[in-house]
Every structure is written in C-alpha cells, then in structure tokens.
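Single-letter residue listing:
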Amino acid sequence: MTSRPMVRPEDIDSIDLASPRLYAENELDEVWRHLRTHRPVYWHPPRADRPGFWVISRYADVNKVYQDKAHFTTENGNALATLLTGGDSASGTMLAVTDGVRHHQIRNVLNKGFSKRTLNLIAHSLQQSVDRLLLAALDKGECDAAHDISANVPLGAICDLLEIPEADRTFLLSQTAHAWSSDYADAPPEDNWVAKNEILLYFSKLCRERKGSANDDMVSLLANCRIDDQPLNSVELMANCYGLMIGGDETGRHAITGAILALIEHPDQWRALKNGDVDLDTATEEVLRWTVPSLHGGRTATGDVVVGGEQIKAGDVVSVWIYSANRDETVFDQPDRFDLARTPNKHFTFAYGTHYCLGHHLGRMEVYAVLDGLRRLVTDLEQIGEEKWIYSSILHGMSSLPVRLTA
Ligand code: HEM
C-alpha cells in the first residue's frame with residue numbers, strides 16, 4: 001500500500017539528503033543504487049544555511065569509516081542533524097558522541113548493566129508484554145501497529161533495564177517520540193528541544209534518588225560508579241541515561257513496525273515464518289537488515305584521509321548510509337529481496353567498530369519476541385490503511401500502520 005514516489009537518480013543533484021521531509025515522502029532505493037555504482041563517495045553540496053558533507057554508500061567504504069578511529073570522530077555529533085548545525089551539546093559526555101579513553105571507561109560501566117541475568121529477566125517480561133499486546137490487538141481486530149503494538153515493546157524493555165517506575169513510562173514515551181523525529185512535516189524544531197530537555201530533567205531527578213543505591217539497574221550503576229576514583233559528573237549522568245532511553249526506544253519501535261509491514265508485503269515470508277520453515281534468529285537478522293531504523297551514521301574527519309578514492313579533508317563532515325550498505329549488491333545476494341532465511345547477513349543496522357550499538361542484544365531480543373509472538377498467535381496480517389512515515393533523516397520508520405490481525 002506504499003504510495004511514496006521513487007526519487008529518480010537524475011535528480012540527485014537537486015535533492016537534499018539531510019532533509020527529514022525527503023525520507024517521509026519518498027522512496028530512495030534507485031538513488032542509493034545509482035550512488036553505490038557511480039558516485040560511492042559523493043560530495044553533497046552545501047545549502048544556503050549549512051555546509052556540504054560526504055555521502056558514503058558502499059558497504060566496503062562504510063566499513064572502513066566505522067573502523068578507522070584514527071581519522072574519524074563522533075565528538076562533534078554522530079548524525080547530520082547535529083553535525084550540520086553546530087555540533088552535539090552532549091559531545092564528550094554521552095557515550096555515542098564521546099571518543100578515546102573516556103568512551104571506553106563509560107562503555108565499561110554501561111556494559112555491566114547488560115548481565116546475562118538482567119537480559120534473561122527482560123526476555124521473559126518482553127515475551128509476556130508482546131503476547132499481551134498481540135492478544136489485545138487480536139481482540140480489537142483492527143489497530144494501528146505503530147501505536148498499539150510497536151510503541152509499547154522497546155520502551156517496556158528499556159524501562160525494565162533502567163527500572164523506571166510504571167507510572168512514569170507513558171510520559172517518557174510521549175517525549176522520546178518527539179526528541180529526534182516528528183510525525184508532521186512542519187513541526188517546529190523547538191518540539192525536539194522541549195522533548196529532549198524534559199527527558200534530561202526527568203533523569204536528573206531519578207539519578208539523585210538512586211545515589212547510594214546498591215541496585216544493578218542502569219541508572220543506579222551510572223549514579224554510583226567511580227572512574228579513576230571519581231563519580232560521573234551530573235551532565236555525564238543525565239546525558240547517558242538520555243542516550244540509553246533514546247537509543248533504546250525509537251529504533252526498536254521502527255524495527256518492529258517495519259517487520260510487520262514487511263511480512264504483510266511478502267506473504268511467502270509470512271507463511272515461511274508461520275510454518276516454522278525459518279529459524280527465528282536468522283529471521284530477526286533479516287528484519288534488522290531490511291528495516292534499518294537508523295538510516296545513517298555521522299562522523300567528522302580528524303585528519304586527511306582517502307576513502308573510495310576520494311580525498312577527505314580534516315574537518316569534513318562524513319555520513320555513512322546504513323540503508324545503502326545493507327542493500328549493497330556486492331555483499332548481499334539479491335539485496336532487494338526480503339528473505340527471512342538469509343545467511344550470511346552481516347548488516348550494519350547496529351553500526352560497527354567502537355560505537356557498535358551497546359543495546360544490540362536488547363534490540364535483537366525485541367524483534368525476536370515480536371516474530372515469535374506473531375508466529376504463535378496470529379493467523380493472518382492485513383494492511384487496512386496507508387502507512388505514514390516519520391520525518392527524520394536519521395531515524396527511519398512509520399508513525400502509523402493500520403492493520404487487521406486475525407487469530
Ligand atoms: C549505538 C542502532 C537498540 C543504545 C547505536 C548505533 C546504531 C544503533 C546504528 C551506532 C551509532 C553511531 O555509530 O554513531 C540501534 C538499533 C536498535 C538499537 C537499530 C534497535 C533495533 C538499542 C538499545 C539500546 C541502545 C535497545 C539501549 C539499551 C545504544 C547506545 C549506543 C548505540 C548507548 C552508543 C554506543 C557507543 O557509542 O559506544 N545504536 N540501536 N541501542 N545504541 Fe543502539
């Protein structure tokens with residue numbers, strides 16, 4: 001039922017790849033295919049109010065940038081939205097936009113929050129909540145998969161990880177939904193800032209409450225850790241709670257709604273899933289390759305370096321396009337085919353290298369739980385209205401997907 005027009009490759013010089021509107025209202029597969037083939041390291045011209053930037057679309061070049069920590073940093077921001085507008089205010093404090101020794105130290109603290117014990121507990125409550133949501137959707141018959149199913153899965157898991165009180169979860173969901181994207185074309189940028197500040201304030205209060213606690217939830221770990229015998233300062237504390245919340249919520253939601261749409265659009269794959277013909281771990285990886293909840297990663301070059309034969313200069317902004325790399329025909333056999341049995345499947349959905357997604361286990365568990373729930377509880381999936389895509393150049397997914405589920 002997708003009715004978004006496909007942008008033509010010949011229009012490449014006139015489109016703005018940093019525009020949130022572009023992704024909400026268009027399909028870009030042909031543009032990415034063209035760039036991979038003809039201009040794999042493409043200099044995107046500046047616009048009136050913003051500098052130009054490099055667009056890297058081939059798997060091999062994306063891989064090189066992700067691994068080359070000697071020449072690329074996230075410290076000015078890790079997405080075009082911040083890199084082209086003066087940098088990220090959390091730079092040097094939040095894990096994703098911190099590099100070097102500090103990155104390593106904070107990552108070590110956060111890694112402790114993903115113990116086997118914690119993940120097992122979350123897996124259990126995740127499956128229960130997915131089953132509950134699917135049964136409620138089946139009961140209603142018709143629902144909006146983005147609102148009624150996907151929106152409630154990752155938030156529950158990340159809230160379990162951070163031990164957020166039940167009563168605060170709806171408020172946080174409403175804020176995270178607006179911190180990095182919008183459901184409307186003309187939403188003022190202030191909406192994003194207000195949402196981000198609300199989340200930061202919330203965590204500042206929670207960290208104060210958890211100081212001195214011996215619990216092993218992520219907030220307590222951050223609030224009570226010591227690095228070189230010093231606690232994290234209050235900005236680092238808030239920024240990293242915020243990073244977990246944002247990193248862990250919207251991405252997972254988009255993967256789940258994207259999975260449901262892909263299964264509807266590929267009835268043979270839905271049957272394969274239902275019949276148990278495909279392994280759930282393998283199917284999870286294909287859903288992640290296909291849906292690409294995070295479209296690109298952003299870096300700044302710290303020194304002159306050649307990528308794909310192009311000279312990148314120190315200070316240049318570089319964007320690596322996960323969406324395109326995940327469909328690179330030199331790496332994936334028939335990349336435009338949604339194939340739940342695909343192996344190998346080394347996609348970049350969780351990035352690669354130093355900043356490889358900290359929550360990848362959880363992201364995978366969420367998609368797995370939804371596929372498992374759909375397979376066990378649902379007989380048929382049908383789209384009953386047009387889906388709506390979000391306005392963002394970094395996040396990729398739907399704000400609405402009307403469906404009918406049959407038991
Ligand atoms: C990093 C995607 C789930 C927390 C990243 C990056 C990507 C990504 C692409 C790399 C950013 C960069 O290179 O600049 C995803 C997707 C997810 C997901 C697609 C779900 C399907 C989660 C969850 C959490 C999380 C559940 C938290 C519990 C983080 C953090 C980082 C990160 C903290 C920064 C890691 C670092 O800089 O060392 N994620 N993520 N993500 N993600 Fe995720």
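The structure displayed is predicted, hence computed values, not measured ones. (Residues numbered from 1 in each chain as written. Predicted model: local features only at pLDDT ≥ 70, side-chain atom pairs only at ≥ 80, totals over all residues. Heavy atoms only, no water.)

## Some words on the pattern of salt bridges
Two side chains that carry opposite charge are able to pair once their charged atoms sit near each other. Applying the stated criterion across every chain yields a total of 26 salt bridges. Between Asp-16 and Arg-50 there is a salt bridge, with its nearest N and O atoms 3.0 Å apart. Linking Asp-16 in the segment before α1 (20–25) with Arg-50 in the loop between β1 (41–44) and β2 (53–56), this pair joins segments that are 34 residues apart in sequence. A relative accessible area of 14% places Arg-50 in the buried class. In this structure, the salt-bridge partner of Arg-21 is Glu-25, at a minimum N-O distance of 3.2 Å. Residue Arg-21 and its partner Glu-25 are located together in helix α1, separated by four residues, close to a single helical turn. Of the residues examined, Arg-21 reaches a relative accessible area of 42% and is grouped as partly exposed. Within the structure, one salt-bridge network assembled from shared partners comprises Arg-8, Glu-10 and Asp-11. (Salt bridge = Lys/Arg side-chain N within 4 Å of Asp/Glu carboxyl O. Helix = DSSP H or I, 4+ residues; strand = E, 2+ residues; numbered from the N terminus. Buried < 20%, exposed > 50% of the residue type's maximum accessible area, 1.4 Å probe, protein only.)

## Comments concerning the packing of aromatic side chains
The full count for this structure, using the stated rule, is eleven aromatic pairs. The interplanar angle of 75° and the centroid separation of 5.9 Å between the aromatic rings of Tyr-59 and Phe-332 together place this pair among those described as edge-to-face. Of the two residues, Tyr-59 is situated in helix α3 (residues 59–67) and Phe-332 in the loop between α15 (322–325) and α16 (360–377); the sequence distance between them amounts to 273 residues. Across the pair, exposure class does not vary: Tyr-59 and Phe-332 are buried alike. Note on Trp-290 and Phe-338: the rings are 5.4 Å apart at their centroids and 50° apart in plane angle, and the pair reads as tilted. In this pair, Trp-290 is assigned in helix α14 (residues 280–291) and Phe-338 in the loop between α15 and α16, connecting sequence segments 48 residues apart. The exposure classification of Trp-290 matches that of Phe-338, with both residues buried. An aromatic cluster is present here, built from Tyr-59, Tyr-66, Phe-332, Phe-348 and Tyr-352 joined pairwise through their rings. One Lys or Arg, Arg-289, reaches over the ring of Phe-332 and ends 5.3 Å from the middle of that ring. The ring of Trp-290 has Arg-327 lying over it, and the distance from NZ or CZ to the ring centre is 4.7 Å. (Phe/Tyr/Trp six-rings, centres within 6.5 Å; stacked < 30°, edge-to-face > 60°. Lys NZ or Arg CZ within 6 Å of the ring centre and 35° of its normal.)

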